[in-house]
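Report on the structure
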Amino acid sequence: MSLSTEGSDIIHHLPPDHLGRSLRGDVRAGLTASPKTLPPKWFYDKLGSELFERITELPEYYPTRAEREVLELYSAQMAAASPAETLIELGSGSSRKTPLLLNALRKTGSLRRYVAVDVSDTALLDAQNELAPAFPDLELQAVAADFETQLHLLPRAGRRMIAFLGGTIGNFEPEARARFLSDVRELLGDDGGSLLLGTDLVKSPHVLIPAYADAEGVTAEFNRNVLRVLNTELGADFDVMAFEHVAVWKPEEEWIEMRLRASRPMLVRLPGVDMDVQFQEGEELRTEISAKFRLGGVVEEIEAAGFSAVGQWTDRQNRYAMTLAEAI
């Protein structure tokens with residue numbers, strides 16, 4: 001797989017060809033399902049990451065700005081409510097918002113270490129290079145691991161805060177969310193510690209849908225990029241531009257679905273998994289769900305996993321929430 005590169009300063013927990021095997025497994029399962037699906041993690045090769053960074057700057061896409069606002073306003077309160085020796089950030093990516101939390105935790109006098117966890121070596125190294133000059137007295141640890149399956153390999157000593165930001169929890173369906181939150185609680189064990197969880201909130205579809213279907217078409221290119229990844233990594237022959245980007249609000253589930261809709265009948269060959277996949281005209285491939293939450297529902301889900309909520313903060317427009325919970 002070319003989705004990550006080797007880095008000498010990274011602790012590697014990913015087994016050989018982990019990404020390749022995961023991709024092939026997801027493609028076999030998802031493209032033989034009805035309806036067809038693919039997980040959103042496969043958007044993020046180099047081009048996909050660049051496109052997502054562009055999305056975060058679009059006027060329609062509010063979550064990144066709203067989360068940063070919450071951290072700017074309340075990170076000191078979060079740190080005071082749950083001082084930690086180690087901050088572990090799951091799916092850390094570029095760690096661009098992390099300094100706000102690191103500075104707040106350092107002011108409590110307890111923070112000794114920051115552990116960034118991601119599958120991308122490139123993102124981990126970039127984050128390390130950015131943070132090291134700003135935090136010379138902090139131990140910075142980059143860990144290449146899959147947080148869905150390898151939480152048990154992360155540091156267990158001392159009091160830890162587990163940060164899961166960006167609203168990424170919304171990519172999990174309810175049963176998978178419950179399992180993940182229980183796994184995070186198990187990671188914290190009996191040493192005490194906390195979870196800081198970022199969640200996008202339920203709001204009008206008139207706000208939500210443009211955030212996932214911008215006028216400039218950047219999100220459409222980001223969505224189609226999953227097909228480019230399959231072409232590159234599996235030798236597939238998707239006609240990428242023959243798929244239309246679709247964003248749909250599902251009111252019963254309270255989530256956005258991103259889909260790719262075939263504009264004509266197609267037979268796609270995927271040599272890397274020895275598959276031929278038929279698409280009918282108008283058939284849709286679901287590439288992402290992005291669940292939206294209600295404040296009380298977040299607390300219920302966290303407490304069902306063995307936590308006790310100690311604080312909840314939103315941006316000024318109540319678009320996005322961060323919830324802090326202690327392991328009990």
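The residue count restarts for each chain, going from 1 along the sequence in the order it is written. Under the rules for a predicted model, residues below a pLDDT of 70 receive no local features and side-chain atom pairs below 80 are neither given nor counted, while totals for whole chains, interfaces and linings still include all residues. Only hydrogens and water are removed before side-chain values are computed, so all heavy atoms of the structure are retained for them.

Quick notes on the sheet that holds strand β11 (residues 284–291)
Paired strands are those between which DSSP finds at least two bridges. Helix and strand definitions follow DSSP, with helices as H or I runs of at least four residues and strands as E runs of at least two, each counted in order from the N terminus. Strand order in the open sheet made by the three strands is β7-β8-β11, with antiparallel pairing throughout. Edge positions in the sheet fall to β7 (243–250) and β11, since each has one partner strand and no second. For this sheet, the mean inter-axis angle between neighbouring strands, taken without regard to orientation, is 20°. In this structure, β7 lies alongside strand β8 (residues 255–262), joined through eight bridges in antiparallel fashion. By the bridge assignment, H245 is partnered in β8 with L260. All axes here are fitted lines through C-alpha atoms, helices being fitted over the stretch that makes contact, and every angle between N-to-C directions spans 0 to 180 degrees.

Observations concerning the pattern of salt bridges
Salt bridges are identified by distance alone: a Lys or Arg side-chain nitrogen within 4 Å of an Asp or Glu carboxyl oxygen. Here the structure, examined in full by the defined rule, presents 28 salt bridges. The salt bridge involving K97 is made with E67; its shortest N-O contact spans 2.2 Å. Placement of K97 in the loop between β2 (86–90) and α4 (98–107) and of E67 in helix α3 (residues 63–81) is noted, with a sequence separation of 30 residues between them. Note on accessibility: K97 and E67 belong to one class, buried. Across the salt bridge formed by E69 and R316, the nearest N and O atoms sit 3.3 Å from each other. Highlighted residues: E69 in helix α3 and R316 in the loop between β12 (307–314) and β13 (320–327), separated in sequence by 247 residues. E69 gets classed as buried once you look at its relative accessible area, which sits at 14%. Each of E173, E244, E257, R259, R261, E284 and R286 takes part in one network of salt bridges that share partners. Burial here depends on accessible area, computed with a 1.4 Å probe over protein chains only, as a share of the maximum for the residue type. Under 20% is buried, over 50% is exposed, and the range in between is partly exposed.

Overview of the confidence of the model for the protein
Confidence of the predictor at the level of single residues is given by pLDDT, which spans 0 to 100. For the protein, mean pLDDT is 94; residues scoring 70 or higher make up 98% of the total. Throughout, a contact is declared for two residues whenever any of their heavy atoms are within 4.5 Å. Ignoring residues within four places in sequence, the model shows residues 1–8, a span with pLDDT below 50, making 25 contacts including any to other chains.

Details of the side chain of K203
Along the polypeptide, K203 turns up in the loop between β6 (193–200) and α7 (205–212). Polar side-chain contacts of K203 include one of 2.9 Å to the side chain of D200. Look past the residues within four positions of K203 in its chain and what remains in contact with it is Y62, L208 and R319. Throughout this description, a polar contact denotes any pair of N or O atoms lying within 3.5 Å of each other; where both atoms belong to protein, one of them has to be capable of donating a hydrogen while the other can accept it, and for residues adjacent in sequence the pair is counted only when both atoms sit in side chains.

Focus: the packing of helix α1 (residues 18–31) against helix α8 (residues 218–234)
It is the contact of α1 with α8, at a shortest axis distance of 12 Å, that shows an interaxial angle of 120°. By the criterion of interaxial angle, the relationship of α1 to α8 is oblique. Classified by chirality, the crossing of α8 by α1 is left-handed. Note on element contacts: α8 touches α1 through L230, E233 and L234, opposite L23, R24, V27 and L31. Of the residues that constitute the contact of α1 with α8, the class distribution is five nonpolar, no polar and two charged. Here roughly perpendicular refers to angles of 65 to 115 degrees, roughly parallel to angles under 35, roughly antiparallel to angles over 145, and oblique to all remaining angles. If you view the pair so one helix is near and one far, a crossing is left-handed when the near helix is turned anticlockwise from the far one by less than a right angle, and right-handed when it is turned clockwise. Each residue gets one of three labels, nonpolar for Ala, Val, Leu, Ile, Met, Phe, Trp, Tyr, Cys and Pro, charged for Asp, Glu, Lys and Arg, and polar for the others, Gly among them.

A short note on unusual backbone geometry
Omega for the peptide link from S34 to P35 comes to 0°, which places this bond in the cis form. Along the polypeptide, P35 turns up in the loop between α1 and α2 (46–56). At D17, a residue that is not glycine, the phi angle is positive and equals roughly 55°. With respect to the element layout, D17 can be found in the loop between β1 (10–12) and α1.

Observations regarding α3
Because the α-helix completes a turn every 3.6 residues, residues three or four places apart line up on one side. The quantity called bend is, for any residue, the angle between two axes fitted respectively to the seven residues ending at it and the seven beginning at it. Y74 marks the point of greatest bend in α3, at about 65°. The inward-facing, buried residues of α3 contact α4, β5 (160–164), β6, β12 and β13.

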